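Given next are the chains, with one letter for each unit.
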Amino acid sequence: MSETLSLTGLIDKVRSYSQDADFNSVQRAYHFSREAHCSQKRSEGSPYINHPLAVAYILADMKMDTLSIASGLLHDTVEDADVTMDDIKVIFGKEIAFIVKGLTKLAKVEFRTKQEAQAENFRKMLLAMSEDIRVMLIKFADRLHNMRTLQFLSEAKQQRIAAETLEIYAPIANRLGIGWLKTELEDLSFKYLMPQLYDDLVKKVATRREEQEGYIKEVVSLIEQQLKEEGLPGKVKGRVKHFYGIYQKMQKQRITFEEIHDVIGVRIITDTNANCYAILGIIHSLWTPIPGKFKDYIGVPKSNMYQSLHTTVIGPKGERVEFQIRTDEMNRVAEQGIASHWKYKEKGTIDENNNKYITWLRELVQVQKDEPNAVDFLEALKGEVVPEVVYVFTPKGEVKEMPLGSTPVDLAYSIHTQIGHKCVGARINGKIVPLKYKMRNGDTVEIITSPTHGPSRDWLKFVVTQRAKTRIKQWIKAEERAQSVELGIKLLENDFRKHGMSHALMKSDEILNVAKALGVGNLEELFVAVGFGKITPHQVINRLRPEKEVTEEEAVKIRRPIKEHKGISIKGIDDILYHTGKCCFPVPGDSLVGFVTIGKGVTIHRKDCMNLDRLAIENARLVDVEWQPSLQSTANTKLYVETVDKPGILANLSALISSLNINIVHLEAASTQDKKGHITLIIEVKDLTQLKSLMHKITQMDGILRIRR
């Protein structure tokens, strides 16, 4: 950052948009933070106070209130200095204390993995954000300054922080409508995740801009002349699309940079909605619009309140030009989002207009409030923040924005859980359609319900929204739990009769002690575990009967060792076979889950395995699985690599893998008519870190289009 940071400069910046602000809390927070961090240094060697001060400057750029700026100055004091939350509350009050607490990582809590700890910290922050959005905005400022100074960290940390920023922070900034922040976070992440690609794209865009500067001036001049003749107000300027957006387009359409025709576009800012449409008419009268490239986000705004008219035309000399047309207010909202009309009432509450920005978050928090697994919560969040959308209508004409691929069942659950549960059919534009029908822009959707109906397990195969998935699973889990209790009781009663044991044992203290010894808390949980096959009746009976009554044949069964499989252990289960799934090829370091199948043991999958939903796995049928550290153990995993079809690429790929001492177990390669190469590899790796390192190196090879597991 070129400007020199100081308390005086910060106050001047805030005074430029809020002359009557009370700066007392900002001044006290600055001096308190400077004292708390006095002995600490940043990675590059500068005094630590520079970081919270830079965060406060970013918040001032966002025109935040002084309480937010004071909280930004204090955000690291509890975590990194000898300061308690009680200190913050006593000195700065409850409101600032609440915000700082939402930004402070969980302390003195043991987690099994670093991923789990990070996910739990993020869930804590999002829960606080749902009550006071300033928590997230300060975290954005914190993350943005960290990204701007990422060059001072190790490459491993750069990769981790950049990936997290791209997967979580940038999409949330987009959902909150903060366009400039989303763009900068994406480009900074892109720079560190794929440095060679980034540098190459920066050079190509600069060259293209230089080449087209005269062309854009010509287009801008033509538009300005037409606006003047028609008496329409408007500021016209050329703009360059951001680098990550260009990269995404190249990936999505599978084209090279040279094949992209609209890297540079034109934005027109006018005064009224009516004039936006009038200017659109002028553009379409001058040049031929490209079918399917017109989008009216004024009539139907995005869920993040974004409004604008988009159109692409065949401009002068046959070149494509993309136009965005909007009012000053729309432009402000497009750039600043929820921060554009920041008006706090009491205790951080926001007005109804702003509340629309975080409706999705509050719904997610509500749906996931009983979800014990923070990692699952974080995955659900990722699914919610990056959807491409379709707009559909209810029979009353209300517009509903749904993720691309949504079905009538998704829509039903978005309206109300009971409407989702009772959904039996749907009419789209007056015609009956299957429940798995993928809704399209402009569809009018009527949900048909029946009071006697309940969700089907098959729905999990086609619903796409997290709300629908969670509600269906909760319903199925409740139903299956009741069935498993009944089955568990029957299985135990049958085995009790076979061994001549009293039925009274089913309600005795002895069986309760057995339940606890087997890792379940009460009798109902024991019956559930038996019903689902997590615990066998044989295990219960062996613990109930005196040792002398156990036959030699039974004793051999009891002593049968657990099958060891490449360093995997299953918690709380003995005498059960298991194997890894060939659908997802888990490796050490992956988050794992075990699926219990009666008579077949446990199949180990990655938690992100595509087959889990197909198998309709419920929590009641899952077991905790973890890797046991082993220096010698390796695991097979599968990679799919898509390349440009050219000589030598397979040899280069094989040489790269061999140079890293990674064994190729199996390899298949094929080319397609569109000059693409498809390579499937099964390789032997030590852990997830080695695999990620390999995948990163492969993406940087010349001719590689994409890689996935």
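Residues numbered from 1 in each chain as written. Predicted model: local features only at pLDDT ≥ 70, side-chain atom pairs only at ≥ 80, totals over all residues. Heavy atoms only, no water.

A. Region of interest: the overall build of the protein chain. A tally of helices and strands in the protein chain yields 28 helices and 21 strands. Looking at the protein chain residue by residue over its 709 residues, the buried ones come to 49%. When contacts within the protein chain are restricted to residue pairs at least 6 apart in sequence, those whose partners lie at least 24 apart make up 66%. (Helix = DSSP H or I, 4+ residues; strand = E, 2+ residues; numbered from the N terminus. Buried < 20%, exposed > 50% of the residue type's maximum accessible area, 1.4 Å probe, protein only. Contact = heavy atoms within 4.5 Å.)

B. Region of the structure containing the pairing of strand β7 (residues 389-393). Bridge analysis of β7 against strand β8 (residues 399-403) gives five bridges, and the strand direction is antiparallel. Within β8, the position partnered with V390 by the bridge is M402. (Pairing = 2+ DSSP bridges.)

C. Geometry of the sheet that holds strand β21 (residues 704-708). Read from one edge of the open sheet, four strands run β19-β20-β18-β21, paired in antiparallel fashion. Strands at the two margins of the open sheet, each flanked by one partner only, are β19 (663-671) and β21. For this sheet, the mean angle separating the axes of adjacent strands, direction not counted, is 20 degrees. As judged from the four bridges shared by strand β18 (residues 635-644) and β21, these two strands associate in the antiparallel manner. Bridging from a neighbouring strand, Y640 pairs with R708 of β21. The strands touched by helix α27 (residues 649-659) are β18, β19, β20 (676-685) and β21; relative to β19, the strand with the most contacts, the crossing angle is about 165 degrees. (Axes fitted to C-alpha atoms, helices over the stretch in contact; angles between N-to-C directions.)

D. Quick look at the packing of aromatic side chains. Summed over all chains, the structure comprises eight aromatic pairs. With a centroid separation of 5.6 Å and an interplanar angle of 85 degrees, the aromatic rings of F190 and Y198 are classed as edge-to-face. For F190, a relative accessible area of 0% corresponds to the buried category. Residues W287 and F323 carry aromatic rings whose centres are separated by 6.0 Å and whose planes lie at 15 degrees to one another, so their mutual orientation is stacked. Of this pair, W287 sits in the loop between α14 (273-286) and β3 (288-289) while F323 is found in strand β6 (residues 320-327), placing the two residues 36 residues apart along the sequence. Residues W287 and F323 agree in their burial class; the two are buried. Between K302 and the ring centre of Y306, over which it is positioned, the NZ or CZ distance is 5.0 Å. Over the aromatic face of Y640 sits the side chain of R708, whose NZ or CZ is 4.5 Å from the ring centroid. (Phe/Tyr/Trp six-rings, centres within 6.5 Å; stacked < 30°, edge-to-face > 60°. Lys NZ or Arg CZ within 6 Å of the ring centre and 35° of its normal.)

E. Layout of helix α1 (residues 7-15). When we look at burial in α1, the residues that qualify are L7, L10, I11 and V14. Taken end-on, α1 shows its buried residues confined to a sector of 95 degrees, consistent with a single buried face. Buried residues along α1 sit against α2 (24-36), α3 (50-61) and α4 (66-74). (Arc of directions from axis to C-beta.)

F. Seen up close, the pattern of salt bridges. Throughout the structure, instances matching the rule amount to 25 salt bridges. We note a salt bridge from E164 to R143, for which the minimum N-O separation is 2.6 Å. Here E164, found in helix α10 (residues 155-175), pairs with R143, found in helix α9 (residues 134-148); they are 21 residues apart in sequence, far enough to count as distant. On the basis of relative accessibility, which here comes to 18%, the residue E164 falls in the buried class. Classification of R143 by relative accessible area gives buried; the value is 8%. A salt bridge links E398 to K400, with the shortest nitrogen-to-oxygen separation between them at 3.9 Å. Residue classification places E398 among the partly exposed positions, given a relative accessible area of 46%. If you follow the salt bridges from partner to partner, you end up with D65, E95, D132 and R134 in one network. (Salt bridge = Lys/Arg side-chain N within 4 Å of Asp/Glu carboxyl O.)

G. Broad picture of the nonpolar core. Among the nonpolar cores identified, the biggest contains 105 residues, and L10, F140 and F323 are the most heavily contacted of them. With nine residues, the top contributor of residues to this core is helix α12 (residues 195-230). With residues near it in sequence (within four places) discarded, F323 still touches V219, I223, V266, I268, I283, W287, L309, H310, T311 and V313. In this structure, V623, L639, L653 and L681 belong to the second largest nonpolar core, which totals 27 residues. (Core = buried A, V, L, I, M, F, W, Y, C linked by side-chain atoms within 4.5 Å.)

H. Region of interest: the pairing of β19. Summarising the sheet, β19 and β20 pair through eight bridges and their orientation is antiparallel. Looking at β20, one finds that S671 is bridged to G677. Joining the antiparallel neighbours β19 and β20 is a turn of four residues, in which K675 adopts a positive phi near 65 degrees.

I. Representation of empty space enclosed by the protein. Counted under the stated rule, the structure contains one cavity of 30 Å³ or more. Quantified by volume, the largest cavity comes out at close to 40 Å³. Taken together, Q212, Y215, I216, H261, I264, R320 and V321 make up the full set of residues lining the largest cavity. Considering every element that reaches the lining of the largest cavity, the biggest residue donor is α12, with three residues. The residue makeup of the lining of the largest cavity, split by class, is four nonpolar, two polar and one charged. (1 Å grid on protein atoms, 1.4 Å probe; cavity = no way out; pocket = protein on both sides within 12 Å on 5 of 7 lines; lining within 4 Å. Points joined across faces, edges and corners; volume = space filled by probe spheres on them. Nonpolar A, V, L, I, M, F, W, Y, C, P; charged D, E, K, R; others polar.)

J. Representation of the sheet that holds strand β10 (residues 431-433) in the model. If you trace the three strands from one edge of the open sheet to the other, you get β10-β9-β11, paired in antiparallel fashion. If you trace the sheet from one side to the other, it starts and ends with β10 and β11 (445-449), each paired once. On average, each strand axis in the sheet is tilted by 35 degrees relative to the strand beside it, whichever way the strands run. Here three bridges tie strand β9 (residues 423-428) to β10, and the two strands are oriented antiparallel to one another.

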